[in-house]
Each structure stands twice: as C-alpha cells, then as structure tokens.
Amino acid sequence: MNHLFTVTGMTCGHCEKAVTAAIVRLDPQAKVEIERSANKVQVQSEQSHEALAHAIVEEGYAVVG
C-alpha cells in the first residue's frame, strides 16, 4: 500500500534519516521517499496509515492532515 504524509519539523538530512529509521523499525520492508522541501513523506508499506503516522509522531515530528 502507498501512504502519503505531510510531515512538519524536518529541517535537515538528520531529520530525514530519523523519520526513515522510525518507519523502517516498524516495517523493515518499507520503502520511504522524502521530499523535505515540500514536507512530504511517501511510504510503501503493508502497515496501516495510522501505525506509520504514529511512528513518525513518536520520533518527534508532526503529521498534518
């Protein structure tokens, strides 16, 4: 399944790595693409949208919408 999130608070490459790591901890098979300038995180994963959003929020970033 393809999930698209708007994530605020990502300001650098470290932020991108942190968000990616949080998602991969939940689903090691996930494919993550981040477009920091647009605050977009696209994830291909069999996990639920809610579970992925929760992992991002637990890492300290806000999921909008």
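Report follows, based on the coordinates. For clarity, every value in this text was computed on a predicted model and none was experimentally measured.

The subject of this paragraph is the nonpolar core. Core analysis: the biggest nonpolar cluster contains 14 residues, and Phe 5, Ile 23, Val 41 and Tyr 61 have the highest contact counts within it. Looking at this core, the elements with two or more residues in it are strand E1 (2-8), helix H1 (13-26), strand E3 (40-44) and helix H2 (49-58). Ignoring any residue separated from it by four or fewer positions in sequence, one finds Ile 23 in contact with Ala 30, Val 32, Val 41, Val 43, Leu 52 and Ile 56.

Before going further, it helps to examine the pattern of salt bridges. In total, this model carries 2 salt bridges according to the counting rule given. A salt bridge links Glu 16 to Arg 36, with the nearest nitrogen and oxygen atoms 2.7 Å apart. One end of the pair, Glu 16, is in helix H1; the other, Arg 36, is in the loop between strand E2 (31-35) and E3, with 20 residues separating them in the sequence. Using a relative accessible area of 32% as the deciding quantity, one classes Arg 36 as partly exposed.

We now examine the sheet that holds E3. One open sheet accounts for 4 strands, arranged E2-E3-E1-E4; its pairing is antiparallel. The open sheet is flanked by E2 and strand E4 (62-64), the only strands paired with a single partner. Averaged over all neighbouring strand pairs, the angle between strand axes comes to 35°, with direction disregarded. As defined by bridge partners, E2 adjoins E3 across 5 bridges and the pair is classed as antiparallel. Each bridged residue has a counterpart across the sheet, and for Ile 34 the counterpart in E3 is Val 41. With respect to the sheet, H2 is in contact with E1, E3 and E4, its orientation differing from that of E1 by roughly 30°.

Taken as a whole and judged by the stated rule, the model has 0 disulfides. Between Cys 12, a free cysteine, and Cys 15, which holds the nearest cysteine sulfur, the sulfur-to-sulfur gap is 3.6 Å. Residue classification places Cys 12 among the partly exposed positions, given a relative accessible area of 30%.

About the thresholds
Along every chain, residues carry numbers that run from 1 in the direction the sequence is written. Reporting of local features is limited, given that this is a predicted model, to residues whose pLDDT is at least 70; pairs of side-chain atoms are given and counted only at 80 or more, and all residues count toward the totals for whole chains, interfaces and linings. Processing note: side-chain calculations cover all non-hydrogen atoms of the structure and skip hydrogens and water entirely. In plain words, nonpolar cores are sets of buried Ala, Val, Leu, Ile, Met, Phe, Trp, Tyr and Cys residues tied together by side-chain atoms within 4.5 Å. Think of it in three bands: residues with accessible area under 20% of the maximum for their type are buried, residues over 50% are exposed, and the middle band is partly exposed, with areas taken using a 1.4 Å probe on protein chains only. A helix here means a DSSP run of H or I that spans at least four residues, while a strand means a run of E at least two residues long, and both kinds are numbered starting from the N terminus. It only takes one pair of heavy atoms within 4.5 Å for two residues to be counted as in contact. Any Lys or Arg side-chain nitrogen located within 4 Å of an Asp or Glu carboxyl oxygen qualifies as a salt bridge. Strand pairing follows a simple DSSP-based rule, namely that at least 2 bridges must link the two strands. Helix axes use the C-alpha atoms of the stretch in contact, all axes being lines fitted to C-alpha atoms, and the angles between their N-to-C directions lie in the range 0 to 180 degrees. Our working definition of a disulfide is a cysteine sulfur pair at a distance within 2.5 Å.

Nothing here speaks to function; it is all geometry.
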